[in-house]
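Survey of secondary and tertiary structure
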Amino acid sequence: IGGHGQGASHYYAKLGSSVDRFLVTYAMLRLNVISGKVLVFTNSVNAAFRLKLFLDQFKLKSAVLNSELPANSRIHCVEQFNAGIFDILIATDEIRRDDTEEGLGKKRSSEADEVDQDTVGLVVQSDDDDESVEKQKKGKKEKRSSKKVKGDLEFGVARGVDFRGVAAVINFDIPESDIAYTHRAGRTARAGASGTVLSLVVSDH
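Residues numbered from 1 in each chain as written. Predicted model: local features only at pLDDT ≥ 70, side-chain atom pairs only at ≥ 80, totals over all residues. Heavy atoms only, no water.

**Brief notes about the overall build of the protein chain**
A tally of regular secondary structure across the protein chain gives 6 helices and 7 strands. Taking contacts inside the protein chain between residues at least 6 apart in sequence as the whole, the part at least 24 apart equals 74%. (Helix = DSSP H or I, 4+ residues; strand = E, 2+ residues; numbered from the N terminus. Contact = heavy atoms within 4.5 Å.)

Shown next as structure tokens:
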């Protein structure tokens, strides 16, 4: 079933099982039902690599892009995709709880709690325990830095990355929110060009 709007045609395929997503994605790409540069979105790193390994078996060249890769690797991957070195990019769009107002509220609350805990931790230190205070502050700083590297939300691949000439977007996994869907779909049909968005929906029965 499809619909058209602002340069992009939106479709969804209702499937009987999760396994069918692999077969349909392969068929669409192999038979050139969807051609040109294709972004395939998954909700997890594991799903992205499983799909890549599946496509590899049929000699369909693809690459995986996710926020756990080093920055240089991510940049290189996007540059190769834009240059046409390969036409299938499997992008992991990790769930972002701050895609909703509720998520934003929880994030602010969590940040406030973290600041309060820092303050409490420093207050209970005695005056002659400055070294311990410094170690505690350094430890928290390193922890936050590590957290940022592990889940670099600023790199959300549906947001802010300059993908060029994307002909189609396949939602291998359904996005968690309308906002996430909009961001994904926005990777195609840029600057007046046409594009296709296909969502693979697994039926509950």
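Structure shown, so let's carry the discussion forward.
**Notes on the packing of aromatic side chains**
Within this structure, the stated rule accounts for 6 aromatic pairs. Judged by centre distance (5.5 Å) and plane angle (65 degrees), the ring pair of F22 and F54 falls under edge-to-face. Placement of the pair is F22 in helix α1 (residues 19–30) and F54 in helix α2 (residues 45–57), with a sequence separation of 32 residues. Look at F81 and F163: their rings are 6.1 Å apart centre to centre, the planes differ by 85 degrees, and that puts the pair in the edge-to-face class. Of the two residues, F81 is situated in helix α3 (residues 71–83) and F163 in the loop between α5 (130–150) and β6 (166–171); the sequence distance between them amounts to 82 residues. (Phe/Tyr/Trp six-rings, centres within 6.5 Å; stacked < 30°, edge-to-face > 60°.)

**Observations regarding unusual backbone geometry**
Positioned with a positive phi, N32 is a non-glycine residue whose angle comes to about 60 degrees. Examined against the element boundaries, N32 turns out to sit in the loop between α1 and β3 (37–42). Residue classification places N32 among the exposed residues on the basis of a relative accessible area of 53%. In this model, K59 sits at a positive phi of 60 degrees, which is unusual for a non-glycine residue. (Buried < 20%, exposed > 50% of the residue type's maximum accessible area, 1.4 Å probe, protein only.)

**Things to note about the packing of α1 against α2**
A pair of packed helices is characterised by two quantities: the angle between their axes and the separation of those axes. Interhelical geometry of α1 versus α2 gives an angle of 50 degrees and a closest axis separation of 11 Å. It follows that α1 is oblique to α2 by the angle criterion. The way α1 lies across α2 gives a crossing that is right-handed. Listed contacts from α2 to F22, L23, T25, Y26 and L29 of α1 are R50, L51, F54 and L55. Residue composition of the contact of α1 with α2, grouped by class: 7 nonpolar, 1 polar and 1 charged. (Axes fitted to C-alpha atoms, helices over the stretch in contact; angles between N-to-C directions. Parallel < 35°, antiparallel > 145°, perpendicular 65-115°, else oblique. Left-handed = near helix turned anticlockwise from the far one by under 90°. Nonpolar A, V, L, I, M, F, W, Y, C, P; charged D, E, K, R; others polar.)

**Let's talk about α2**
For α2, which comprises 13 residues, the first-to-last C-alpha distance of 19 Å matches the rise-based estimate of 18 Å (1.5 Å per residue) to within 8%. Buried within α2 we find V45, A47, A48, L51, F54 and L55. Downstream of α2 by one or two residues, K59 has phi in the positive range, about 60 degrees. (Expected span 1.5 Å × (residues − 1).)

**A closer look at the confidence of the model for the protein chain**
On average, residues of the protein chain score 77 in pLDDT, and 63% of them reach the 70 mark or higher. Here residues 1–5 is a poorly scored stretch, pLDDT under 50, and it has 10 contacts once near neighbours within four places are set aside; other chains count. (pLDDT = per-residue confidence, 0-100.)

**Digging into the side chain of S199**
You can see S199 is positioned in strand β7 (residues 195–202). Beyond its immediate sequence surroundings of up to four residues, S199 is in contact with Y11, Y12, A13, N171, I174 and Y181.

**With respect to the side chain of D173**
Mapped onto the elements, D173 comes out in the loop between β6 and α6 (178–185). Once you skip the residues sitting within four places of it in the chain, D173 turns out to touch R21, F41, T42, N43, S44, A47 and R184.

**Details of the environment of V40**
Within the element layout of this structure, V40 appears in strand β3. The spacing of V40 and V64 is 24 residues in sequence and 9.4 Å in space, taken between C-alpha atoms. Apart from residues no more than four positions distant in its own chain, V40 is found in contact with L51, I88, L89, I90, A91, I170 and F172.

**Regarding the pairing of β6**
In regular strands, side chains alternate between the two faces of the sheet. Most of β6 sits out of view: 5 of its 6 residues are buried. Judged from the 5 bridges that link them, β3 and β6 form a sheet pairing that is parallel. Each bridged residue has a counterpart across the sheet, and for V38 the counterpart in β6 is A168. Where β6 meets β7, 4 bridges bridge the pair, whose relative direction is parallel. Following the sheet pairing, N171 is matched in β7 by S199. As a crossover connection, the stretch from β6 through α6 into β7 is right-handed. (Pairing = 2+ DSSP bridges. Right-handed = clockwise from strand over helix to strand, strands pointing away.)

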